[in-house]
Amino acid sequence: MALSTMYTYRSTQFLTHLRNPLLRIAIDYNCRQCSTNSYKKGVVIGVYVDDEGKNIKLTPSAEKINQESNNVIVKALKIGNGFLKKGKSRLFYNANNKYGTIALVGIGKEEIDSNNLDDGVDVKKQNIRDATAIGSRSLMDCGIYDIDVSEMGDSESAAEGAILGTWKFQEYKKKQDPTPKISLFENSEKNEWFCGVAKSTAQNWSRKLAESAANYMTPTLFSNEVQEVLGKQGVNVVVHDKQWAEEKKMGGLLNVAKGSNEPLAFLEINYSGGCKNQKPIVLVGKGVTFDSGGISIKPSLSMGEMRADMMGAANVVAAISAIAELKVPINVIGLTPLCENLPSSNALKPGDVIVAMNGKSIQVDNTDAEGRLILADALCYAATFEPKVTLDLATLTGAMMVAIGGAATGVFSKTDNVWNDVKSAGYYTGDRMWRFPLWSYYSNLIKGYTGFDLDNIGKGKGGGACTAAAFLKEFAPPGEWVHMDIAGVMKTDGKDSPYISSGMSGKPTRALVQLILDISKKTE
Ligand code: BES
Ligand code: MN
Ligand code: ZN
């Protein structure tokens with residue numbers, strides 16, 4: 001093929017993404033001039049700016065690109081009177097030999113006194129995530145899917161912003177947009193970048209699992225996908241069935257699942273990166289692939305969101321995939337009870353009494369408080385591994401949203417020790433954590449009945465997240481135990497952080513990975 005024809009072909013293909021005729025000419029010109037595909041490549045670079053969008057300072061990568069590009073960035077900023085607001089981007093076309101398009105983003109202030117700014121997260125890292133997300137998206141809007149991202153002083157956060165920020169759920173679309181190729185600009189700080197890639201790719205998997213329609217994400221389909229993904233990584237996944245649950249006398253899981261025709265599943269995942277005699281961390285995740293409420297049926301408004309009632313399970317499998325990717329020297333067991341909660345003639349009825357794996361009897365006053373029933377059995381089973389720490393994650397109570405909205409994961413911990421680790425992992429990753437109480441006040445509300453041991457909703461008013469946690473405490477293995485109620489952070493409207501678009505958030509997958517990394521460093 002003649003060179004000119006080849007370029008015409010390539011540019012027409014590329015130009016379909018562009019609406020502005022002036023830009024078409026610029027890019028066409030560029031690709032005829034150089035002999036590479038550089039016009040299809042974009043780069044994201046950042047500048048530090050103050051709160052007013054002034055006092056601009058170029059990062060080292062921005063400086064380098066500026067020099068290679070005939071000073072175009074500095075010149076352009078001068079035209080705007082040295083003005084570029086934090087979180088805003090500007091595009092430069094045809095200025096650089098290597099990159100057809102440069103996306104320049106305002107990161108925010110270079111020096112941030114995080115101690116003085118108690119926002120529950122590391123603001124500097126958040127700013128970098130926001131910047132690379134915004135820059136990468138603005139390139140994608142121009143049809144550029146081959147994107148190099150500058151590290152902006154923290155290549156882990158830069159990777160996270162770009163990978164989380166460009167992700168979209170388009171599984172069921174006939175015509176899908178391409179997935180961008182995100183690379184690190186000039187291979188600086190490669191290890192941190194790789195860590196950010198692993199964490200954010202895991203979170204995107206968790207988002208995908210949670211966002212999936214319930215008819216495409218039944219307990220069986222969830223198990224298949226986990227076996228495929230983790231299996232390829234060399235992680236051992238065993239899918240237990242109803243018969244196994246019967247042998248274990250898992251009355252909670254069996255009774256919730258029996259209202260649906262979809263068979264239940266219980267995943268037992270074993271990642272052994274540590275020594276043989278090292279006690280494992282056990283992660284337990286609520287996996288209700290659809291929660292209609294059962295006979296205590298939910299109102300139909302927003303009921304479809306309950307397809308994400310398995311996000312605890314999604315976080316567990318996703319975190320393990322990142323741990324395996326990063327080859328963390330630690331032993332981790334993942335346990336996910338999976339089922340649907342539906343009304344039918346076989347379903348659990350309000351007032352029914354069931355018996356959990358540890359022999360405690362439970363009156364089911366409300367079939368919509370099903371998460372705690374299936375987790376009760378999973379926690380009993382967790383004890384058989386004699387865990388170093390047991391951590392469960394569950395979209396457990398709507399009360400979380402009432403208490404603190406979508407700002408943070410609600411954390412319940414018996415000790416300050418693990419809580420401090422959880423808190424700092426949340427601060428580091430931007431997945432905020434907030435501690436709630438595990439007082440006997442709440443335990444007393446679910447106990448003290450004459451005819452059975454526990455009631456699944458209790459007799460109190462308010463504090464629903466705390467009552468649910470108190471219920472789980474009755475089944476938690478001895479030793480360190482942490483419960484995370486992730487109902488509040490399940491879904492985001494996309495406004496709280498620019499790097500996570502609206503939809504099921506997959507939070508706090510990265511905090512979970514960070515926590516395990518931190519624990520593994522302490523164990524070394
Ligand atoms: N899966 C829900 C909790 C939930 C609600 C998660 C909204 C995410 C968004 C859980 O199974 C549930 O229904 N909980 C009940 C408990 C109540 C019956 C004590 C609730 O929160 O209303
Ligand atoms: Mn429910
Ligand atoms: Zn539920």
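Our structure is the block above this text.
Summary of the structure given here. Here the structure is a predicted model, which means the values were calculated and not measured. (Residues numbered from 1 in each chain as written. Chains lettered and ligands numbered in written order. Predicted model: local features only at pLDDT ≥ 70, side-chain atom pairs only at ≥ 80, totals over all residues. Heavy atoms only, no water.)

Section: the coordination of the zinc ion (ligand 3)
Taken together, the protein donors to the zinc ion (ligand 3) comprise Lys286 (NZ), Asp291 (OD), Asp309 (OD) and Glu370 (OE), at separations of 2.0 to 2.4 Å. Coordination geometry of the zinc ion (ligand 3): the 6 donor atoms subtend angles of 77 to 174 degrees at the metal centre, consistent with an arrangement described as octahedral. Within one chain, the residues serving as donors to the zinc ion (ligand 3) are arranged as K-x4-D-x17-D-x60-E. Taken as an interatomic distance, the gap from the zinc ion (ligand 3) to the manganese ion (ligand 2) is 3.2 Å; Asp291 donates to each of them. With a gap of 79 residues between them, Asp291 in strand β10 (residues 287-291) and Glu370 in the loop between β13 (361-364) and α12 (371-382) connect regions that are remote in the sequence. There is no split in this pair, since Asp291 and Glu370 are both buried. (Donors = N, O, S within 2.8 Å, 3.2 Å for Na, K, Ca; no water. Tetrahedral: all angles 85-135°; square planar, octahedral: opposite > 155°, others 65-115°. Helix = DSSP H or I, 4+ residues; strand = E, 2+ residues; numbered from the N terminus. Buried < 20%, exposed > 50% of the residue type's maximum accessible area, 1.4 Å probe, protein only.)

Thoughts on the packing of aromatic side chains
Scanning the entire structure with this criterion turns up 13 aromatic pairs. Note on Tyr99 and Phe185: the rings are 6.2 Å apart at their centroids and 50 degrees apart in plane angle, and the pair reads as tilted. In this pair, Tyr99 sits in the loop between β3 (89-93) and β4 (101-108) while Phe185 sits in the loop between β6 (181-184) and α7 (190-211), placing the two residues 86 residues apart along the sequence. What makes Tyr99 buried here is its relative accessible area of 1%. For Phe185, a relative accessible area of 2% puts it in the buried group. Taken together, a centroid distance of 5.6 Å and an interplanar angle of 85 degrees make the contact between Phe266 and Tyr381 edge-to-face. (Phe/Tyr/Trp six-rings, centres within 6.5 Å; stacked < 30°, edge-to-face > 60°.)

Thoughts on the coordination of the manganese ion (ligand 2)
Protein coordination at the manganese ion (ligand 2): the donors are Asp291 (OD), Asp368 (O), Asp368 (OD) and Glu370 (OE), at 2.0 to 2.2 Å from the metal. Around the manganese ion (ligand 2) sit 6 donor atoms, and with donor-metal-donor angles ranging over 69 to 167 degrees the site reads as irregular. Counting residues between consecutive donors of the manganese ion (ligand 2) along the chain gives the motif D-x76-D-x1-E.

Let's talk about the sheet that holds strand β12 (residues 352-355)
Read across the sheet, 3 strands follow the order β12-β13-β17 without closing on themselves; strand pairing throughout is mixed. Looking at which strands have only one partner, the edges of the open sheet turn out to be β12 and β17 (454-455). Where β12 lies against β13, 4 bridges are found, and the strand directions are antiparallel. Paired with Asp352 across the two strands is Val364, which belongs to β13. (Pairing = 2+ DSSP bridges.)

Details of the packing of helix α5 (residues 123-140) against helix α6 (residues 155-165)
Axis separation between α5 and α6 bottoms out at 7 Å; the angle between their running directions is 45 degrees. One element, α5, and the other, α6, form an angle in the oblique class. Note on packing geometry: the crossing formed by α5 with α6 is right-handed. Along its contact with α5, which presents Lys125, Ile128, Arg129, Thr132, Ala133, Ser136 and Arg137, the element α6 presents Glu156, Ser157, Ala158, Glu160, Gly161, Ala162 and Gly165. Looking at the contact of α5 with α6, its residues break down into 4 nonpolar, 5 polar and 5 charged. (Axes fitted to C-alpha atoms, helices over the stretch in contact; angles between N-to-C directions. Parallel < 35°, antiparallel > 145°, perpendicular 65-115°, else oblique. Left-handed = near helix turned anticlockwise from the far one by under 90°. Contact = heavy atoms within 4.5 Å. Nonpolar A, V, L, I, M, F, W, Y, C, P; charged D, E, K, R; others polar.)

Comments concerning empty space enclosed by the protein
For the coordinates displayed, the defined rule picks out 1 cavity of 30 Å³ or more. The volume enclosed by the largest cavity comes to roughly 50 Å³. Forming the boundary of the largest cavity are Asn255, Val256, Gly294, Ile295, Asn341, Leu342, Ala347, Leu348, Thr367 and Glu370. A per-class count over the lining of the largest cavity returns 5 nonpolar, 4 polar and 1 charged. (1 Å grid on protein atoms, 1.4 Å probe; cavity = no way out; pocket = protein on both sides within 12 Å on 5 of 7 lines; lining within 4 Å. Points joined across faces, edges and corners; volume = space filled by probe spheres on them.)

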